[in-house]
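A look at the structure
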Amino acid sequence: MSTTVTITMQERRFFERIYQVVEQVPRGQVSTYGDIALIVGGGCDARIVGLAMGDLGPRAAKVPWQRIINRSGGISTQGYNQRELLVAEGVEFDEKGKAYLDRFRWAGPGQEWATKHGFTPLPARSSGKEEDKSQMRLF
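Here the structure is a predicted model, which means the values were calculated and not measured.

**Description of the overall build of the protein**
Tallying secondary structure elements over the protein gives eight helices and two strands in all. Ordered by position from the N terminus, the helices and strands of the protein form the series α-α-β-α-α-β-α-α-α-α. Looking at the protein as a whole, 38% of its 139 residues are labelled buried. Nonlocal contacts in the protein, meaning residues at least 24 apart in sequence, comprise 60% of its contacts between residues at least 6 apart. Carbon and sulfur atoms make up 52% of the accessible area of the protein, which amounts to about 8900 Å² in all.

**A look at the pattern of salt bridges**
Under the criterion given, the structure shown has eight salt bridges. Notably, a salt bridge pairs glutamate 92 with arginine 103, separated by 2.1 Å at the nearest N-O pair. Taken together, the residues glutamate 92 in the loop between helix H5 (82-88) and helix H6 (101-104) and arginine 103 in helix H6 connect sequence positions 11 residues apart. A relative accessible area of 39% means that glutamate 92 is categorised as partly exposed. With relative accessibility at 47%, the residue arginine 103 sits in the partly exposed group. Through salt bridges that share partners, Arg27, Arg67 and Glu89 make up one connected network.

**Some details on the side chain of aspartate 35**
Take aspartate 35: it is sitting in helix H3 (residues 33-40). Overall, the relative accessible area of 5% leaves aspartate 35 in the buried class. Contacts of aspartate 35, omitting those with residues within four sequence positions, involve Arg105, Leu122 and Arg125.

**Regarding the nonpolar core**
Core analysis: the biggest nonpolar cluster contains 28 residues, and Ile18, Ile36, Val49 and Met53 have the highest contact counts within it. Contributing elements (two or more residues each) for this core: helix H2 (15-22), H3, helix H4 (46-54) and helix H7 (111-117). When neighbours within four sequence positions are excluded, isoleucine 18 is seen to be in contact with Ile36, Val40, Cys44, Ile48, Val49, Ala52 and Met53. By size, the runner-up hydrophobic cluster in this structure holds eight residues, among which are Ile69, Ala99, Leu101 and Phe104.

**Notes on H2**
Of the positions making up H2, those classed as buried are Phe15, Ile18, Tyr19, Val21 and Val22. The buried residues of H2 all sit within an arc of 160° when viewed along its axis, so they share a single face. Summarising the contacts, the buried residues of H2 are in contact with helix H1 (9-12), H3, H4, strand E2 (68-69) and H7.

**Considerations on the packing of aromatic side chains**
Following the criterion strictly, the structure yields two aromatic pairs and no others. When the centroid spacing of 5.3 Å and the interplanar angle of 5° are considered together, the rings of tryptophan 113 and phenylalanine 119 count as stacked. On the basis of relative accessible area, phenylalanine 119 is assigned to the buried category, the value being 6%. The ring centre of phenylalanine 119 lies 4.0 Å from the NZ or CZ of arginine 17, which sits over that ring. Seen from the ring of tyrosine 100, arginine 103 lies directly overhead, with NZ or CZ sitting 4.9 Å from the centre.

**Re the confidence of the model for the protein**
A low pLDDT score tells you not to read the predicted coordinates there in detail. Counting all residues, the mean pLDDT for the protein is 88, and 86% of those residues have values of 70 or more. A low-confidence stretch, residues 128-139 (pLDDT under 50), is modelled with one contact involving residues beyond four sequence positions or located in other chains.

Rules and cut-offs
Residues numbered from 1 in each chain as written. Predicted model: local features only at pLDDT ≥ 70, side-chain atom pairs only at ≥ 80, totals over all residues. Heavy atoms only, no water. Helix = DSSP H or I, 4+ residues; strand = E, 2+ residues; numbered from the N terminus. Buried < 20%, exposed > 50% of the residue type's maximum accessible area, 1.4 Å probe, protein only. Contact = heavy atoms within 4.5 Å. Areas by Shrake-Rupley, 256 points an atom, 1.4 Å probe, with all protein chains shown as cover. Salt bridge = Lys/Arg side-chain N within 4 Å of Asp/Glu carboxyl O. Core = buried A, V, L, I, M, F, W, Y, C linked by side-chain atoms within 4.5 Å. Arc of directions from axis to C-beta. Phe/Tyr/Trp six-rings, centres within 6.5 Å; stacked < 30°, edge-to-face > 60°. Lys NZ or Arg CZ within 6 Å of the ring centre and 35° of its normal. pLDDT = per-residue confidence, 0-100.

Okay, structure coming up:
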């Protein structure tokens, strides 16, 4: 049984900006639906990013849709060889089928590009490694 998703004009207004950001995700890296929504801003959310990825049509040849995954590193599409495309780019997965986000997650666009195009850079993420180093210095 297939369901039809109705996309509102309010949601669709984000699509071109979403595609512009997704085109920036480098080969061998991934981003999450939520990260793309944060970069786009203005009320965009992860669900809208998912709708945009599902509505690519012929643009799928230009927009690297396969690089957008869910927040836990999982593949949300079915039947489109997304994992195989990512593996071919060098992205590695754990035994549960999740991409190693700590190694392959895109940090987002640089400040200069984001400002020039009216987007928001992602906030810096702390890696657990930095916290581990500070703990080890205590001993």
